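Below, each chain spelled out in residue letters.
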Amino acid sequence: MNLTLILFIVLAAVAVSSAAGLLVSRNTVYAALFLVLNFATVAVFYLMLGAPFIALAQVTIYAGAIMVLFLFVIMLLGSEKLPRGQALPFQRPLAIVLATVLLAEAGFLLFQRLRLTASLANPEASVNTTETLRILGMTLFNQYLLPFEVTSVLLLVAMVGVIVLTKKQKGEQG
Amino acid sequence: MAQTIPLSWYLAISAVLFAMGALGVLIRRNPLIIFMSVELMLNAANLAFVAFARFFGVLTGQIFVFFVMTVSAAEVAVGLALIVIIFRNKHSIDVDLMNSLKG
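The sections below set out a description of the structure shown in this document. Since the structure is predicted, the reported quantities are computational estimates derived from the model, not experimental observations.

1. Considering the overall build of chain B
Link 1 in the chain: When helices and strands are counted, chain B shows three helices and zero strands.
Link 2 in the chain: Reading chain B from its N terminus to its C terminus gives the helix and strand order α-α-α.
Link 3 in the chain: Taken along its principal axes, the extent of the C-alpha atoms in chain B is 60 × 25 × 25 Å.
Link 4 in the chain: For chain B, the proportion of contacts with a sequence separation of at least 24, taken over those separated by at least 6, is 58%.
Link 5 in the chain: Taken as two groups, the 6 positive and 4 negative side-chain charges of chain B have centres that lie 1 Å from each other.

Written as structure tokens, this is what we have:
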């Protein structure tokens, strides 16, 4: 057992158990904090895969911006406790069966293609991080310049849309 | 020293996270938690993208992940605004009450 393997197994356990915590927690704030933990472990996975830019973007965008937005809304809505009763009695067993089928299909495809993944199992062990970042920036701002600019328009549209949506209608009180 | 982790392990953890996100969308009735489960699924897909990018030795996957993050940020902003408006109109965010369009 070397260090990388132990790290991977521990991180995988944390990721899966925090996702399970998200699914079962009744309190919405706890669910959001479980999701932050999950995002943080995925960021460490990105670091292990030699993608430091994506790892830090994950921490700032997901764990930072998006989850803070979630927490704002949770606190705005008073972290409402919903009634526990099931509207559809067959919903939960059916959902569990469907999710198991999805996982089994993914696993089947994964192991059917195992020869492909095995042939890819040994990339060069060390990645030159600085060089990777340089190439990433060059690719993003040359080959993918137009999509990058389009994302700025997308964010602008989202911002204007949210402002229009949440604006109070004329004559609506407080 | 570093024996690298096989690609299939990363894909397996990505598949597990994706299935748990799908399960969350199906079993929970709080729209905020459904929304967080959608984020979990996007994140699992991102993990698969980065793993493939590493093992094929190309950086395009990382750039795609960057775009996915941007789109999901926009999506969260609009979706949470919709949830706030629904709360303002119905004074509850239970998904069972969102049946105004039902014939």
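Once you've had a look at it, read on.
2. With respect to the interface of chain A and chain B
By a widely used convention, the size of an interface equals the accessible area lost when the partners come together.
Link 1 in the chain: Taken together, the 84 residues of chain A in the interface contact 71 residues of chain B.
Link 2 in the chain: Roughly 7,300 Å² of surface becomes buried between chain A and chain B when both sides are summed, with 77% attributable to carbon and sulfur atoms.
Link 3 in the chain: In this assembly, chain A and chain B are joined by zero salt bridges.
Link 4 in the chain: Linking chain A with chain B are eight residue pairs in polar contact (both at pLDDT 80 or more), by the criterion used here.
Link 5 in the chain: Only α1 (3–24), α2 (28–48), α3 (52–76), α4 (91–112), α5 (114–119), α6 (129–142) and α7 (145–166) of chain A provide two or more residues apiece to the side of chain A that touches chain B.
Link 6 in the chain: The leading source of residues in the side of chain A that touches chain B is α3(A), at 12 residues.
Link 7 in the chain: A breakdown of the residues in the side of chain A that touches chain B according to their chemical character gives 60 nonpolar, 16 polar and eight charged.

3. A few points about the environment of B:S14
All names here are of chain B.
Link 1 in the chain: Tracing the chain through its elements places S14 in helix α1 (residues 7–27).
Link 2 in the chain: In this structure the C-alpha to C-alpha distance between S14 and V25, which are 11 residues apart in sequence, comes to 17 Å.
Link 3 in the chain: Ignoring any residue separated from it by four or fewer positions in sequence, one finds S14 in contact with A44, A45, L47 and A48.

4. Looking at the pattern of salt bridges
All names here are of chain A.
Link 1 in the chain: Scanning the model with the defined rule gives one salt bridge over all chains in all.
Link 2 in the chain: E131 serves as the salt-bridge partner of R134, at 3.3 Å between the closest nitrogen and oxygen. Highlighted residues: R134 and E131, both in helix α6, separated by three residues, approximately one helical turn.
Link 3 in the chain: By relative accessible area, R134 is classed as partly exposed at 49%.
Link 4 in the chain: By relative accessible area, E131 is classed as partly exposed at 34%.

5. Notes on the packing of aromatic side chains
Link 1 in the chain: Under the counting rule described, the total for this entry stands at 12 aromatic pairs over all chains.
Link 2 in the chain: When the ring of A:F148 is compared with that of B:F66, the centres are 6.0 Å apart and the planes differ by 10°; the resulting orientation is stacked. Within this pair, whereas A:F148 is found in helix α7, its partner B:F66 is found in helix α3 (residues 60–90), the two belonging to separate chains.
Link 3 in the chain: Under the relative-accessibility criterion, B:F66 is labelled buried at 15%.
Link 4 in the chain: Counting every residue linked through ring pairs, the aromatic cluster contains A:F53, A:F141, A:F148, B:F66 and B:F67.

Rules used throughout
Residues numbered from 1 in each chain as written. Chains lettered and ligands numbered in written order. Predicted model: local features only at pLDDT ≥ 70, side-chain atom pairs only at ≥ 80, totals over all residues. Heavy atoms only, no water. Helix = DSSP H or I, 4+ residues; strand = E, 2+ residues; numbered from the N terminus. Contact = heavy atoms within 4.5 Å. Lys, Arg positive; Asp, Glu negative; His and termini not counted. Charge placed at Lys NZ, Arg CZ, Asp CG, Glu CD. Buried area = accessible area lost by both parts, 1.4 Å probe. Salt bridge = Lys/Arg side-chain N within 4 Å of Asp/Glu carboxyl O. Polar contact = N/O pair within 3.5 Å; in protein donor to acceptor, adjacent residues only side chain to side chain. Nonpolar A, V, L, I, M, F, W, Y, C, P; charged D, E, K, R; others polar. Buried < 20%, exposed > 50% of the residue type's maximum accessible area, 1.4 Å probe, protein only. Phe/Tyr/Trp six-rings, centres within 6.5 Å; stacked < 30°, edge-to-face > 60°.

Purely geometric numbers; function is a separate question.
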